[in-house]
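# Examination of the molecular architecture
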Amino acid sequence: MISQTKIDMINLMNNALYAVAKQIVTPHKGILASDERPSAADKNLEKAGIPSNEEIRRKYRELFINTPGIEQYLSGIIMHEETFYQSDSTGKLFRNILKEKNIISIIKLDEGLEELPNFPGEKISIGLDNLKKRAEKFYEDGAKAAKWRSVIKIGNDLPSPEVVHANSIILSTYALFCQQAGLVPIVEPEVLIDGDHTIQKSEEVTNKTLKDVFGTLKRYKVDLKAVVLKTSMVIPGNKCQVMASPEEIADATVRVLQATVPEEVPGIVFLSGGQSSEDATINLNFIAKKEPLPWEITFSYLRALEAPAIQVWQGKDENIQKARNIFMTRLRECVLADSGIYQK
Ligand code: 5MM
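Along each chain, residue indices are assigned from 1 in the same order as the chain's sequence is written. Given that the model is predicted, a residue must reach a pLDDT of at least 70 before its local features are reported, and side-chain atom pairs must reach 80 or more before they are shown or counted; all residues, however, enter totals for whole chains, interfaces and linings. With hydrogens and water stripped out, all remaining heavy atoms of the structure feed into the side-chain values.

### Brief notes about empty space enclosed by the protein
Where we set the bar: The distinction between a cavity and a pocket rests on a 1 Å grid over the protein atoms alone: a 1.4 Å probe fits inside a cavity but cannot get out, while a pocket stays open yet meets protein on both sides within 12 Å along at least five of seven lines, and a residue with an atom within 4 Å of a point counts as lining. Grid points are joined across faces, edges and corners, and a volume is the space filled by probe spheres set on the points.
Per the counting criterion, the structure on display carries 1 cavity of 30 Å³ or more. Estimated volume of the largest cavity: approximately 80 Å³. The wall of the largest cavity is formed by 13 residues, among which Val-191, Ile-193, Ser-232, Met-233 and Ile-235 lie closest to the centre.

This is the structure in structure tokens:
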């Protein structure tokens, strides 16, 4: 029999998780996903003409984290382990800076993607080995939530139900270890934009994926009140000849979410997934106009928030102020879109 003390402890821990999950989706705030792994960050910076190394990556994170006033717009920042243990140029740990700003430190826990043998072109996310220990350590060091991304690729005969389900099991296992360690799991099954698929195909695949993810989370007894969903919007592939209007995107996205996401889930955050900054903002705006919805919704963008500022920064100190102004404008625009009142 479980003792009363143990029951009280479990209740205390659950209530703490619920409070963090709610804080992540605080109305009129969003998330900055600044969590690419070092190799991906280097690639992005180099694409923008900035030769990269560990120190440049540190400066790149500092550019955003030390922008004055971000706490008005951000409830959380997702970081890679490298950033989580880095400091700004005065030696202050990034995670302590966030704590002072009342921004939640969210740690990326997946360790990337691996092609699954016998399923060419399809990937599962990896990193479950040692997850228990890593989750506990990050919690001890101040993380309050975590993020794990799986990808679902649309193509001829793709995705296969097997790979969709394998990713659901992995996401559910991750979510369980997180909650046990005191971290709120952000569950991110990203349906990729790559391809010539139509919005109808994207809707069908997103629907199947989210059904499978939530069915599995339930079967694994993950506490859905302490889960945040990070999802793609339902959009046509980036090589599709037929465009979709923001209204069509909002309709299809909300239709899928209403059919698949249980109401006990406190919030849904959107990734930008390769959309332009402008499209990611306009589409969020149209989705937000469809309120009231049973969950809080907001943004959790990487490229759509950071890309315009990185272009201006160019790795140079003299451009920091200008880049930060652009970043603040992007945050303001996304927060307006999150309320459905953004105007171009
Ligand atoms: C693309 O950035 C993240 C993945 O990085 P790795 O490939 O290095 O693991 C990704 O998880 C990101 O946090 C989200 O997808 C949101 O980013 P976007 O740019 O889609 O808004």
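Having put the structure on the table, let's press on.
### A word on unusual backbone geometry
We count it as follows: Numbering of helices and strands runs from the N terminus, with a helix taken as a DSSP run of H or I at least four residues long and a strand as a DSSP run of E at least two residues long. Think of it in three bands: residues with accessible area under 20% of the maximum for their type are buried, residues over 50% are exposed, and the middle band is partly exposed, with areas taken using a 1.4 Å probe on protein chains only.
Pro-159 follows Leu-158 through a cis peptide bond whose omega is 5°. Each neighbour pair has its own omega, and for Glu-291 with Pro-292 the value is 10°, a cis peptide bond. Within the element layout of this structure, Pro-292 appears in the loop between α10 (277–288) and β10 (296–301). One non-glycine residue, Asn-102, adopts positive backbone phi at about 60°. Relative to the helices and strands, Asn-102 resides in the loop between α5 (94–100) and β3 (104–108). With relative accessibility at 52%, the residue Asn-102 sits in the exposed group. Despite not being glycine, Gln-314 shows a phi value in the positive range, around 55°. Among the secondary structure elements, Gln-314 is positioned in the loop between α11 (303–313) and α12 (320–338).

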